[in-house]
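Inside the fold
If you want the building blocks of each chain, they are given just below.
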Amino acid sequence: MSENLDTILQIAGSTLRLATPLLFAALGGLISERAGVVNIALEGLMLVGAFVAAAVAYATHSPVAGAGAAMLAGGLFASFYALFVVKLRADQIVAGTAINMLAAGVTPFLCKIFFQSTSSSAALPMDSRFVSAPLYGAWIFVIAVAFGLGFTPWGAWVRFAGEHPEALDSAGVRVNRVRWMAVILSGFLAGLGGATLSIFLSSSFSRNMTSGRGFMALAALIFGKWRPWPTAFACLLFGLADAFQIRLQGVVLWGSDPVPVQFIQILPYFVTILVLAGVMGGSRAPKALGQPFLKH
Amino acid sequence: MRDSVWKILRFLRPLIAVSAGLAAGLLVTALAGENPLHVLAILGRSAFGSRYDFGMTLFYATPLIFTGLSVALAFHAGLFNIGAEGQLTLGALAAATVGICFPGVPAVIAPFLAGLAAFAAGALWGAIPGWLRARRGSHEVINTIMMNFIAVGLSSWVTLYLLKNPDSQNPETQAVAPSYLIKHLDFFGDAPLSIALFVALAAVVAIWIFLSKSTRGFELRSVGQSEGAARAAGISVGRMQILAMALAGGLAGLVGVSEVLGNATRFKVGFSPEYGFMGIAVALLGRSRPLGVLGAALLFGALHKGTADLDMETENITRDLSLILQGLVILSVAADGLWAWLDRRRSP
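What counts and what doesn't
- Residues numbered from 1 in each chain as written.
- Chains lettered and ligands numbered in written order.
- Predicted model: local features only at pLDDT ≥ 70, side-chain atom pairs only at ≥ 80, totals over all residues.
- Heavy atoms only, no water.
- Salt bridge = Lys/Arg side-chain N within 4 Å of Asp/Glu carboxyl O.
- Helix = DSSP H or I, 4+ residues; strand = E, 2+ residues; numbered from the N terminus.
- Buried < 20%, exposed > 50% of the residue type's maximum accessible area, 1.4 Å probe, protein only.
- Axes fitted to C-alpha atoms, helices over the stretch in contact; angles between N-to-C directions.
- Parallel < 35°, antiparallel > 145°, perpendicular 65-115°, else oblique.
- Left-handed = near helix turned anticlockwise from the far one by under 90°.
- Contact = heavy atoms within 4.5 Å.
- Nonpolar A, V, L, I, M, F, W, Y, C, P; charged D, E, K, R; others polar.

**Notes on the pattern of salt bridges**
Residues and elements named next belong to chain B.
- Applying the stated criterion across every chain yields a total of 11 salt bridges over all chains.
- The residue Arg45 makes a salt bridge to Glu313 at a minimum N-O spacing of 3.7 Å. Highlighted residues: Arg45 in helix α3 (residues 36-48) and Glu313 in helix α14 (residues 290-313), separated in sequence by 268 residues.
- Of the residues examined, Glu313 reaches a relative accessible area of 43% and is grouped as partly exposed.
- Here Lys305 ties to Asp309 by a salt bridge, and the two come within 2.7 Å at their closest N and O atoms. Linking Lys305 with Asp309, this pair stays in helix α14, spanning four residues, or about one helical turn. The same class applies to Lys305 and to Asp309, which are both buried.
- One network of salt bridges, with partners in common, ties together Arg133, Glu140, Glu227 and Arg231.

Here it is as structure tokens:
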């Protein structure tokens, strides 16, 4: 009996831990998408954050410095993305894919220069890693984003930039400036999410370590109907799938052999597809999502 | 006079974009402490320097033609196929599976059978996100990415548990029966280039005919231009989306022909240096036109060969430079506003 309770507590604990990178990234994506900019680039922004966090934490022995640097790097990459999608009106999905490729190429490239390896950075000692701070930090950000979007004038600008950019424009607010800020903020958050992968959930950066989490974060915010709290719960759902995935490895469910690890590892991806397919009907994206704003 | 110069410039837009992307990429190499001119020299020599080198360029270009066509075809239907990587993985696995399980098939039809299996497996892997988009409204970008990861898991399981090569430590299947192997092009020496190149060229022609001459192709393109208008004209939008993704997946699956039947003789886990993602750059640069895809595939084939050699010949540059170059080229092609801005500056 108490063994079962232990198992449940363990799974609950790892669900919370594994949901943190998704929470940060999904909140970032939420801000950007509510402002009307699709953010497929989350995956790449996270990857950049993961590398920079590992490198800076390694050099300074300070996880806080690592996370701060990851935030800035995410913001920098995001402003590069914003330059193309907001200013130059590039197709958002195409440019986002390009940012992801850029991040997938730049991170091992830099890793080679700093750590003489394209596959992973040097292992971080315990004092350079977070023990539990991101666990609480993520939920503080959920509260902050929910409050900011819902109850501040700034949040109203973001929502109008995504729903009725023309109205915002005639009220004298520069739509594209709001979108720039929203995309850069999403870069800060996605960078932090990446940092939690390399200096919280593991002890080094490794090549392509985001493995689709940026896209899962997108799926979570669609499932959460572009609202902070439901999005956060969707992240928990994906965290749970991930926790089960790790828990089930090597476990005998039927017959005499454990379930092949390859089948277990695809569980979170499978859940993502099912969740997206199951809920789309009632979900509505911000009206101006994906459309560049051009003042006439 | 100025007008005609401008027209030529517009026509050369993809070339200008590539040059801009390349220049930015060379800047990256300079930051890494290499001499950009030296890098450029190695790139050129290693892509076109000899028959062997050029053969390698064509060898890399062949799968890129398939994946580039795959992404381009989906673009025409208004869909973004980031799933070519998973589709080609399953295509190659299917070709290998048929070649291992049916060794008795005569050589006249064996490659066709394996090629058909590759196309079908890729088509299935593309049709699933197509169906999800058409019938459940869920976005194909997220679903195709998820399908990529599922393809990796599924193919490694089949490889390790069902078809494992007992003589090797590597995650690879047994070899296909010799009757399945297709002809090597000896002109290019040791480069593993096969007549799969001609299959790719045939696919270029076939897709060109399909898109510009057939009724189905016209319907597919009209769905891409405006779903509402297509629906009003009585076209079944959902069915066209599923068809487009299935065809796109099938095209990507044909990479199995060049890889398994023309090169490795077996399925190797992780054989693709992300041909599927390169296909996105190829399609964008080729503006989704079949002939454009062919040209862009040759260019990226050359870049891929070049960066692979840079990895060996320089201190700090790795083959990841190829990804950086692709990202930069895509961005410079996609920056519509930049071209519009130049346009506006020109008019008084």
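**A short note on the packing of helix α2 (residues 13-31) of chain B against helix α15 (residues 321-334) of chain B**
Residues and elements named next belong to chain B.
- Following both chains from N to C, one finds α2 and α15 inclined at 140°, their axes separated by 8 Å at the closest point. By the angle between their directions, the pair α2 and α15 is classed as oblique. Both α2 and α15 take part in a crossing whose hand is right-handed. Along its contact with α2, which presents Arg13, Ala17, Val18, Ala20, Gly21, Leu22, Ala24, Gly25, Val28 and Thr29, the element α15 presents Leu321, Ile324, Leu325, Leu328, Val329, Ser332 and Val333.
- The class makeup of the residues in the contact of α2 with α15 is 12 nonpolar, four polar and one charged.

Functional significance is not addressed by these values, which are geometric in nature.
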